[in-house]
Amino acid sequence: MADTLTITDNRTGKQYEVPIQDGTIKATDLRQIKVTSDEFGMMTYDPAFMNTAACKSRITFIDGDKGVLLYRGYPIEQLAEKSDFLEVAYLILFGELPTTKAHEDWARDVTLHTMLHTNLAKLMEGFRHDAHPMGMFISTVGALSTFYPDAKDIFSPESRRLQTVRLIAKVPSISAYAFRHSIGRPFNQPDNDLSYAGNFLSMLFRMTELKYTPNPVLERALDVLFILHADHEQNCSTSTMRAIGSSHADPYSALAGAAAALYGPLHGGANEAVLRMLHEIGSINNVPAFIKRVKAGEGRLMGFGHRVYKSYDPRAKIIKRMADLVFDVMGKNPLLEMALELERIALEDEYFVSRKLYPNVDFYSGLIYQAMGFPVDMFPVLFAIPRTAGWIAQWEEMLNDPDQKIARPRQIYLGHGPRDYVPRERRK
Ligand code: CMC
């Protein structure tokens, strides 16, 4: 028997057979359900896409109940332990782990594109001294589209590959420039001898020394954090990347939009919000009162809860372990104790347990970033750098998918029916 769903419309008594594929029915198959032939047909109402698959994807798999995260089939735990960010970015973008030769070529290509056009640096100099680095990041990535008009050739695989290399290579440079600008220091040029994470640390923190040598523990920790943030299937920013890309905008414009979506405190801005929350709580003694306020609906426990994970976020587990390595080098973050106490209380509390609210990736990442010397407002930028790999991979998958068209949801119109214009003097 074919896999179908039988729907009976009680208004007409008619029955409809709707095919089921991959555990899903096509929303457009419901359009045949109508009372009269001139009716539009049945739609589904799904604000916030709680139960709608908007694409088929082969990139990232999440089992939210079991806390499983796979990139192209490889468990995140194995990648975090054995791989490096550039290799993971290659995997996400091109579907397979690179051979030694492919890895070398990829790393060389990325390294050769890390420099920014001097006019781009001038553009960044124009921001106010206290501009938020994420605002600078979004604007500068968008501005890249004016430097590389060839990026409009989105159906050329060669052009897409070139823009991909440029983006992966330049987002750390843009981020480091944003950081240096905000602390009033001159920009550091990239150092091609260093690793992806090492070069980023050099562009951020090099002072007068001729050669910056990154601390290997911090370099590795940053690289692992990049691996953990590289993709996360159809989240808010990735859906934005796909939606903008579906109008055939160039990848820089689409990525600026995706980064803007990431900026919000419910998404990539959550790690920043966690730190602000911890500062606001102030001391471990205030934790119970804070939890009480959250339960009363007066604010959220930032860094907790997830649309998909209904168990411990596997990325949070890895980050929590890594925090100890970073704290050994940099000294313990005094906010850690408070975070651990918040987690302890929340994991025992009925409010959080019944809603399956567990720490997500952002709960501990900010503590590590802060211990490494990053100011809080750099946190979302540190999320955007690695997520660039996921955004581009998802954008390319969308462009190559024959099922996809320009994204255009429907609405349920509840406003006025047609009415005549009222002159201003007769309005009440
Ligand atoms: N603190 C307190 N209550 C919460 C929280 C929280 N962090 N998250 C969810 N709830 C409650 C919420 O009030 C609701 O309760 P009720 O059923 O009584 O109304 C219930 O749990 C379900 O919440 P929801 O808002 O319907 O869940 P959602 O899937 O729409 O939201 C979320 C997911 C991540 C936006 C949300 O959990 C949240 O706001 N968390 C805090 C922000 C955060 O840490 N975001 C980072 C997410 S992971 C990284 C990323 O995606 O960038």
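Residues numbered from 1 in each chain as written. Predicted model: local features only at pLDDT ≥ 70, side-chain atom pairs only at ≥ 80, totals over all residues. Heavy atoms only, no water.

Considering the site of the ligand
Item 1. Surveying the vicinity of the ligand reveals 20 residues, the closest of which are His 267, Arg 300, Leu 301, Gly 303 and Arg 307.
Item 2. Arg 300 places a polar side-chain atom, nitrogen or oxygen, 2.7 Å from an oxygen atom of the ligand.
Item 3. Within the backbone of Phe 304, one N or O atom sits 2.9 Å away from a nitrogen atom of the ligand.
Item 4. Burial of the ligand by the protein chains amounts to 73% of its free accessible area of 940 Å².
Item 5. Split by residue class, the shell around the ligand holds 10 nonpolar, six polar and four charged. (Near = heavy atom within 4 Å. Polar contact = N/O pair within 3.5 Å; in protein donor to acceptor, adjacent residues only side chain to side chain. Areas by Shrake-Rupley, 256 points an atom, 1.4 Å probe, with all protein chains shown as cover. Nonpolar A, V, L, I, M, F, W, Y, C, P; charged D, E, K, R; others polar.)

Remarks on the sheet that holds strand 4 (residues 60-63)
Item 1. If you walk across this open sheet you meet the three strands as 4-5-6, and the pairing is antiparallel. At either margin of the open sheet sits one strand with a lone partner, and together these are strand 4 and strand 6 (74-75).
Item 2. Where strand 4 lies against strand 5 (residues 68-71), four bridges are found, and the strand directions are antiparallel. Its bridge partner being in strand 5, Asp 63 is matched across the sheet by Val 68. (Pairing = 2+ DSSP bridges. Helix = DSSP H or I, 4+ residues; strand = E, 2+ residues; numbered from the N terminus.)

Overview of the pattern of salt bridges
Item 1. Counting across every chain of the model gives 21 salt bridges.
Item 2. Linking Asp 403 and Lys 56 is a salt bridge whose minimum nitrogen-to-oxygen distance equals 3.5 Å. Pair noted here: Asp 403 is in the segment after helix 17 (379-399) and Lys 56 is in the loop between strand 3 (24-25) and strand 4, with a separation of 347 residues, a long-range link.
Item 3. The salt bridge involving Lys 211 is made with Asp 191; its shortest N-O contact spans 2.8 Å. Of the two residues, Lys 211 sits in the loop between helix 7 (196-205) and helix 8 (216-228) while Asp 191 sits in the loop between helix 6 (157-182) and helix 7, which places them 20 residues apart along the sequence.
Item 4. You can call Lys 211 partly exposed: its relative accessible area is 42%.
Item 5. Each of the salt bridges in this network shares a partner with another, and the network as a whole consists of Lys 101, Asp 105, Arg 108, Asp 109 and Arg 161. (Salt bridge = Lys/Arg side-chain N within 4 Å of Asp/Glu carboxyl O. Buried < 20%, exposed > 50% of the residue type's maximum accessible area, 1.4 Å probe, protein only.)

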